[in-house]
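# Descriptive analysis of the structure
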Amino acid sequence: MASSALHADQRAADLQAVREGAEIDLLVVGGGITGAGIALDAATRGLRTVLVERHDLAFGTSRFSSKLIHGGLRYLAKFELSVARNSAVERGRLMELIAPHLVRPLAQVSALGPDTNLLQKAAMRAGYLAGDVLRMAAGTSTSVLPRSRYVTPAETRRLCPAVNTKALRGAWVNYDGAMIDDARLVTAVARTAAREGARVITRCAATDLTGTSATLTDTLTGESFPVSATAVVNATGVWAGTVDPEISIRPSRGTHLVFRSETFGNPTGALTFPLPGSLSRFLFILPEQLGRCYLGLTDEDTPGDIPDVPSTPEEDIEFLLTGTSRVLGVPLRRADVVGAFTGLRPLIDAAGATSDLSRRHAIITAPNGLISVVGGKFTEYRLMAEETVDAVVRSHEFAGIGGCATRTFPLVGAPTHMDSLEVAATELEDLPDSLVARFGFEAPQVVASATVSDPLGSIAGMDITRAEIEYAITHEGALNVDDILDRRTRIGLVPADRDRALPEVEAIFHELRGSDALP
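These numbers come from a predicted model, not from an experiment. (Residues numbered from 1 in each chain as written. Predicted model: local features only at pLDDT ≥ 70, side-chain atom pairs only at ≥ 80, totals over all residues. Heavy atoms only, no water.)

## A look at the packing of helix α13 (residues 466–474) against helix α15 (residues 495–513)
Under the convention used in this document: Only the stretch in contact is used when a helix axis is fitted, and all axes are lines through C-alpha atoms; the angle between N-to-C directions ranges over 0 to 180 degrees. In this description a helix means any DSSP run of H or I spanning at least four residues, a strand means any run of E spanning at least two, and both kinds are numbered starting from the N terminus. Angles below 35 degrees are treated as roughly parallel, those above 145 as roughly antiparallel, those between 65 and 115 as roughly perpendicular, and all remaining angles as oblique. Each crossing is labelled by how the near helix is turned from the far one, with a counterclockwise turn of less than a right angle marking it left-handed and a clockwise turn marking it right-handed. Two residues form a contact once any of their heavy atoms are found within 4.5 Å. Basically, the charged four are Asp, Glu, Lys and Arg, the nonpolar ten are Ala, Val, Leu, Ile, Met, Phe, Trp, Tyr, Cys and Pro, and anything else, Gly included, counts as polar.
Where α13 meets α15, the closest approach of the two axes is 10 Å, and the angle between their N-to-C directions is 50°. The orientation of α13 with respect to α15, classified from their angle, is oblique. With respect to the hand of their crossing, α13 and α15 are arranged in right-handed fashion. Here R466, I469, E470 and I473 of α13 come into contact with α15, specifically with E504, V505, I508, F509, L512 and R513. When grouped by side-chain class, the residues that make up the contact of α13 with α15 number 6 nonpolar, no polar and 4 charged.

## Topic: α15
What counts is decided by this rule: Here the bend at a residue means the angle between the axes of two seven-residue stretches, the one that ends at it and the one that starts at it. Per-residue accessibility, obtained with a 1.4 Å probe over protein chains only, is compared with the maximum for each type, and a residue is labelled buried under 20%, exposed over 50%, and partly exposed between these values.
Remark: the principal bend of α15, roughly 45°, maps to A501, with a proline, P503, within the next four residues. Along α15, the residues that are buried comprise D497, R498, A501, V505, I508, F509 and R513. Residues of α15 that are buried sit in contact with α1 (8–19), β12 (249–260), β15 (292–296), α13 and α14 (481–488). Immediately beyond the C-terminal end of α15, within one or two residues, lies G514, with a positive phi of roughly 55°.

## Section: the environment of I98
Mapped onto the elements, I98 comes out in helix α4 (residues 81–98). I98 sits in the buried class, given a relative accessible area of 2%. In this structure the C-alpha to C-alpha distance between I98 and A13, which are 85 residues apart in sequence, comes to 29 Å. Those residues in contact with I98 that sit more than four places away from it in its chain are R93, Y381, R382, T406, R407, F409, P410, L411 and A414.

## Looking at the sheet that holds strand β2 (residues 49–53)
By way of backbone hydrogen bonds, the strands of a sheet pair with one another, either parallel or antiparallel. Applied cut-off: By this definition, two strands are paired if DSSP reports at least two bridges between them.
Overall, mixed pairing links the 6 strands, which are arranged β7-β2-β1-β11-β19-β18 in an open sheet. Looking at strand neighbours, the two that pair on one side only are β7 (199–202) and β18 (361–365), the edges of this open sheet. Here the average twist between neighbouring strands, direction ignored, is 20°. In the packing of helix α2 (residues 33–44) onto the sheet, the strands contacted are β1 (26–29), β2, β11 (231–234) and β19 (371–375), and the crossing angle to β2 comes to about 170°. Where helix α10 (residues 381–395) meets the sheet, its contacts fall on β1, β11, β18 and β19, and the angle it forms with β19 comes to roughly 160°.

Coordinates in, geometry out; function isn't part of it.
Quick look at the structure:
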């Protein structure tokens, strides 16, 4: 069995093997959650799998989500029953079996105050009851995901201290899945795929794709070479149409604002509230790691060229601040915003507003045999991967290939992953809670493998240890400081935090990589 460790030397070895003609059953292009999921599904079936990504893991849309694993409630309201049920099932699998260390229940608090009318209050309660039905239909235990309930005004204030208490009559509380971080989940999936034998190669661009070939370019050296594969899958998300011109993607802009948690009184629940006059569009304030809260979410049609990293329009910031201040005891100010991030959802083009478009995914085979997977949502990444690999297997003759194993296959760090079985729960007790939250049963290994001085010392006073910076380099495929700050740790979501952490992270990186360090 291969190692789950991703690092510069492993990348070089995998790239050399592919350059020299290693046999490839499946070439996956795109290192977001969909591509990583496909690589894991294919590798666990026994396919010789190579994943290439022109930038870094989770470089695109996959790191700009709301960090929620939705149970499909909003899709019930649109009568997309299959999407709703699939979302609930996949949420349960992630929380119970696949990644219980990375996906946990989060209370969604819908306050019963003067900012919502009677119809909205009734609709929220009806929706949460429908969510309970979805959870039961998916077979998810209440010990993993509690049922919805009413809470008193005092409990509402405890969960969300910043809520407007004027005429507050309590709240409806629903529970959904929340990731510790989306980019971290992508990395865990990719590393688990590597553990099962997949070659995961970042900074490797793929062009001239057909159903059986591509040209790969090492973006660090500029060297290009052709490769052949039995099958090729385009999993580039919002960029899918640039790979296959027959595919029409309609990007939808989703913006979140970042705040210090104390701005909202350090909430433990997510304050969730409808837009004025709406029964289907909601904003929310999410408690997050590193003492932060995220406020989202916009849903705006965004035609035109697709940038590598979308900018955040001032109009989105104003929309979110205005839409949120009415539900708080103290209105938000522009100065309260310490960061922002914007992602582009890869929606399948259709008529109507982007907020009304289906989040269904589609698997499309081009005339040259290239298979593309488009649309979909983060929660369903595993299902999308399963169906994509099923399509690959159906269209090609593979000898001795097994069926899908990922429905119950734990990721690295999960308590039932094969590398975790010898780790006792007591080994986690003396480690920082934040470290365990990000690594699960792999946390002791993060510290034990560290060679840096003061491995449990914090980076710039944040809940991130020096050992985690080293582990990002030695096990999580970080090839430069940006990979560490912006994707492995998410320090970079707040520019001021990034500036404070940069010197120490650079020092660790250059200490470990020396003259091989990348800019």
